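Here are the chains, one letter per residue:
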Amino acid sequence: MTTTAGIGRTGQVLGRPFSVGDLTVPNRIVMAPLTRYFSPDGVPDDDVAQYYARRAAAEVGLIITEGTLVDHPSSGTSDRVPRFWGEEALAGWCGVASAVHQAGGKIIPQLWHVGTTRTDGAGPIRTAPPVGPSGLALDGLPNGVALSTADIDDVIGSFARAAAAAQELGFDGLELHGAHGYLVDQFLWKRTNQRTDSYGGDLASRVRFATEVVAAVRASVTPGFPVFFRLSQWKSGQFDARLADTPTELEAILSPLAEAGVDVFHASTRRYWLPEFEGSDLNLAGWARKLTGRASVTVGSVGLDKEFAGPDGRPTHSAVTGINGLLDRAERDEFDLVAVGRALIADPEWARKALTGRLADAEPYDASLLETLR
């Protein structure tokens, strides 16, 4: 393929602009959400604002913030995780959005409720038991309490209020965290959703909570304000979990979400190059796009050139060399956007280096960097 001097293939493929709703980004590189624990009492300060602004100034097309907790007593696990409610925290987020915009970037918050992954009695700010569709942890054992239908309405309302606040504060869209075994995902997954009412049972009933959250969020913002939805098959500590074993099952989950108002599906995988179903090379983001006609984001070890270890010291990702496979998929429009996580933690300049053909100069990732806001 012929390349343009100083840009090269990576810049040509990932440097294309992208639009959805009222949002236009200059390139296809997205900063993936990654919890950082640098917001004391749940309030993001100027250090957090500058952390995101540095990436925006270095040509990240779109920043998705770390998960931010909605206004519900059981939504989070730590008082150092930012919240998206309360005057002080929202003022902090206003500062973050402003800093990113001043740096020339675009930014959306990720709205989050952890459900039964919460440790009983843990913060932030308020003390409450874990809650979920059936009061079951990801291993299927009891943890916390099952949400009543009135409780469900309260949680849906908390997402809608956060969405309205995001637009009022000047963000460019929002993302709902429906992945990794957190609350929205707990309703989708049969192991954690053992309800016998209209929110549990078959797949159509298990997707109801997620669609009601999306619909409430969609109604609380203007039509052009993009709504992203993050999904995954795997869960935290349950890496072999699957919501869907076939494209038909995946369509039964995603189509109602698209109809409810999702504009972009952010498909979280641990290795972007792995096919999702037998008989096709499409990854999860590729299937989301194909089945719904909505835009999609791929993610999973992009930019990493070595294995990195999880909390138990064992490798969690296979080694990756080069980026040509990703570019091949992007060129054939398997997905629309590419999310980069740990590589952007390691090097705030990663996007600029990628777009100008200088990835060989990118700083390598090391887990110790998670202890800083580099």
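The structure displayed is predicted, hence computed values, not measured ones. (Residues numbered from 1 in each chain as written. Predicted model: local features only at pLDDT ≥ 70, side-chain atom pairs only at ≥ 80, totals over all residues. Heavy atoms only, no water.)

A.B. asks: What should I look at first to understand the overall build of the protein in this one?
C.D. replies: Within the protein, the regular secondary structure consists of twelve helices and twelve strands. Relative to the compact-globule value of 21 Å for 374 residues, the protein shows a C-alpha radius of gyration of 19 Å, a close match. Oriented by its inertia axes, the alpha-carbon framework of the protein measures out at about 60 × 50 × 45 Å. By residue count, 57% of the 374 residues in the protein fall in the buried class. Relative to all contacts within the protein whose residues are 6 or more apart in sequence, the contacts with residues 24 or more apart total 72%. For the protein, the centre of its 35 positive side-chain charges and the centre of its 46 negative side-chain charges are spaced 3 Å apart. (Helix = DSSP H or I, 4+ residues; strand = E, 2+ residues; numbered from the N terminus. Rg over C-alpha atoms; globule rule 2.2 N^0.38 Å. Buried < 20%, exposed > 50% of the residue type's maximum accessible area, 1.4 Å probe, protein only. Contact = heavy atoms within 4.5 Å. Lys, Arg positive; Asp, Glu negative; His and termini not counted. Charge placed at Lys NZ, Arg CZ, Asp CG, Glu CD.)

A.B. asks: Honestly, helix H7 (residues 208–220) in this entry has me stumped. Any pointers?
C.D. replies: Because an α-helix packs 3.6 residues into every turn, residues spaced three or four apart end up facing the same way. For H7, spanning 13 residues, the distance from its first C-alpha to its last is 18 Å, which sits close to the expected 18 Å at 1.5 Å a residue. Listing the buried residues of H7 in full gives Phe209, Ala210, Thr211, Val213, Val214, Val217 and Arg218. Turning to H7, the residues buried within the fold contact helix H4 (149–168), strand S8 (174–177), helix H5 (183–188), helix H6 (203–206), strand S9 (227–232) and helix H8 (247–260). (Expected span 1.5 Å × (residues − 1).)

A.B. asks: Looking at this model, I keep getting lost on the nonpolar core. Mind explaining?
C.D. replies: Within soluble globular proteins, side chains that are nonpolar generally end up buried alongside one another. Within the largest apolar cluster, 94 residues are counted, with the highest numbers of intra-cluster contacts made by Leu176, Phe209, Phe229 and Leu257. With eight residues, H4 is the largest single contributor of residues to this core. One finds Phe18, Val20, Leu23 and Phe228 within the second-largest nonpolar core, a separate group that totals 16 residues. (Core = buried A, V, L, I, M, F, W, Y, C linked by side-chain atoms within 4.5 Å.)

A.B. asks: Just to check I follow, could you spell out the side chain of threonine 65 for this structure?
C.D. replies: Secondary-structure assignment places threonine 65 in strand S4 (residues 62–69). On the basis of relative accessible area, threonine 65 is assigned to the buried category, the value being 0%. Reaching out from threonine 65, the side chain makes a polar contact with the backbone nitrogen of glutamine 110 at a distance of 3.2 Å. Not counting residues up to four positions away in its chain, the partners in contact with threonine 65 are Pro33, Tyr52, Trp93, Ile107, Ile108, Pro109, Gln110 and Phe171. (Polar contact = N/O pair within 3.5 Å; in protein donor to acceptor, adjacent residues only side chain to side chain.)

A.B. asks: Got a minute to help me understand the packing of H8 against helix H9 (residues 284–292) in this structure?
C.D. replies: Angle between the axes and distance between the axes are the two parameters that describe a pair of packed helices. The contact between H8 and H9 brings their axes to 9 Å, and the two run at 65°. Pair H8 / H9 crosses with right-handed handedness. Residues Pro247, Leu250, Glu251, Leu254, Ser255 and Ala258 of H8 form the contact with H9, whose own contacting residues are Leu284, Trp287, Ala288, Leu291 and Thr292. Class assignment of the residues belonging to the contact of H8 with H9 gives a composition of eight nonpolar, two polar and one charged. (Axes fitted to C-alpha atoms, helices over the stretch in contact; angles between N-to-C directions. Left-handed = near helix turned anticlockwise from the far one by under 90°. Nonpolar A, V, L, I, M, F, W, Y, C, P; charged D, E, K, R; others polar.)

A.B. asks: Help me understand the sheet that holds strand S11 (residues 295–299) in this model?
C.D. replies: Strands pair in a sheet through their backbones, by hydrogen bonds, and they do so in one of two ways: parallel or antiparallel. Sheet architecture is closed into a barrel: eight strands sit in the order S3-S4-S5-S8-S9-S10-S11-S12, paired in parallel fashion. The mean angle between the axes of side-by-side strands here comes to 25°, regardless of whether they run parallel or antiparallel. In the packing of H4 onto the sheet, contacts are made with strand S5 (107–112) and S8, and the angle to S5 comes to roughly 165°. (Pairing = 2+ DSSP bridges.)

A.B. asks: Hey, could you run me through a negative patch on the surface in this one?
C.D. replies: Together, Asp41, Asp79, Glu87 and Glu88 make up a negatively charged patch on the protein surface. If you trace the backbone, glutamate 88 turns up in helix H3 (residues 87–102). (Patch = residues over 30% accessible without salt bridge, like charges linked within 9 Å, V, L, I, M, F, W, Y side chains within 5 Å. Areas by Shrake-Rupley, 256 points an atom, 1.4 Å probe, with all protein chains shown as cover. Salt bridge = Lys/Arg side-chain N within 4 Å of Asp/Glu carboxyl O.)

A.B. asks: Honestly, the side chain of asparagine 27 in this entry has me stumped. Any pointers?
C.D. replies: Mapped onto the secondary structure, asparagine 27 falls in the loop between strand S2 (23–25) and strand S3 (29–31). Asparagine 27 sits in the buried class, given a relative accessible area of 4%. Among the polar contacts listed, one links the side chain of asparagine 27 to the backbone nitrogen of isoleucine 29, at a separation of 2.9 Å. Among the polar contacts listed, one links the side chain of asparagine 27 to the backbone oxygen of glutamate 59, at a separation of 2.9 Å.

A.B. asks: Would you take a moment to explain the packing of aromatic side chains for this structure?
C.D. replies: For any pair of aromatic rings, the description consists of the separation of the ring centres together with the inter-plane angle of the planes. Within this structure, the stated rule accounts for eleven aromatic pairs. Relative to tyrosine 182, the ring of tryptophan 112 lies with its centre 5.2 Å away and its plane at 80°, an arrangement referred to as edge-to-face. Of this pair, tryptophan 112 sits in strand S5 while tyrosine 182 is found in the loop between S8 and H5, placing the two residues 70 residues apart along the sequence. Each member of the pair, tryptophan 112 as well as tyrosine 182, carries the same accessibility label: buried. Across the ring face of tyrosine 199, the terminal group of arginine 208 is positioned such that the distance to the ring centre comes to 4.1 Å. Positioned above the aromatic ring of tryptophan 189 is the side chain of lysine 235, whose terminal nitrogen or guanidinium carbon lies 5.5 Å from the ring centre. (Phe/Tyr/Trp six-rings, centres within 6.5 Å; stacked < 30°, edge-to-face > 60°. Lys NZ or Arg CZ within 6 Å of the ring centre and 35° of its normal.)

A.B. asks: Would you take a moment to explain unusual backbone geometry for this structure?
C.D. replies: Leaving glycine aside, a negative phi is the common case for residues, and trans is the common case for peptide bonds. A positive phi angle, near 80°, is found at glutamate 59, a position not held by glycine. With respect to the element layout, glutamate 59 can be found in the loop between helix H2 (46–57) and S4. Look at glutamate 59 and you get partly exposed, because its relative accessible area is 34%. Although it is not a glycine, aspartate 333 sits at a positive phi angle of roughly 55°. Relative to the elements of secondary structure, aspartate 333 occurs in the loop between helix H10 (324–331) and strand S12 (337–340).

A.B. asks: What should I look at first to understand the pairing of S5 in this one?
C.D. replies: Successive residues of a regular strand alternate their side chains across the two faces of the sheet. Across the six residues of S5, six count as buried, placing the element largely inside the fold. The two faces of S5 match: Ile107, Pro109 and Leu111 on one face and Ile108, Gln110 and Trp112 on the other face are all buried. Where S4 and S5 come together, five bridges link them in parallel fashion. Paired with glycine 67 across the strands is glutamine 110, a residue of S5. In the sheet, S5 pairs with S8 via two bridges, with the strands oriented parallel. Across the sheet, the residue bridging to glutamine 110 is glutamate 175, located in S8.

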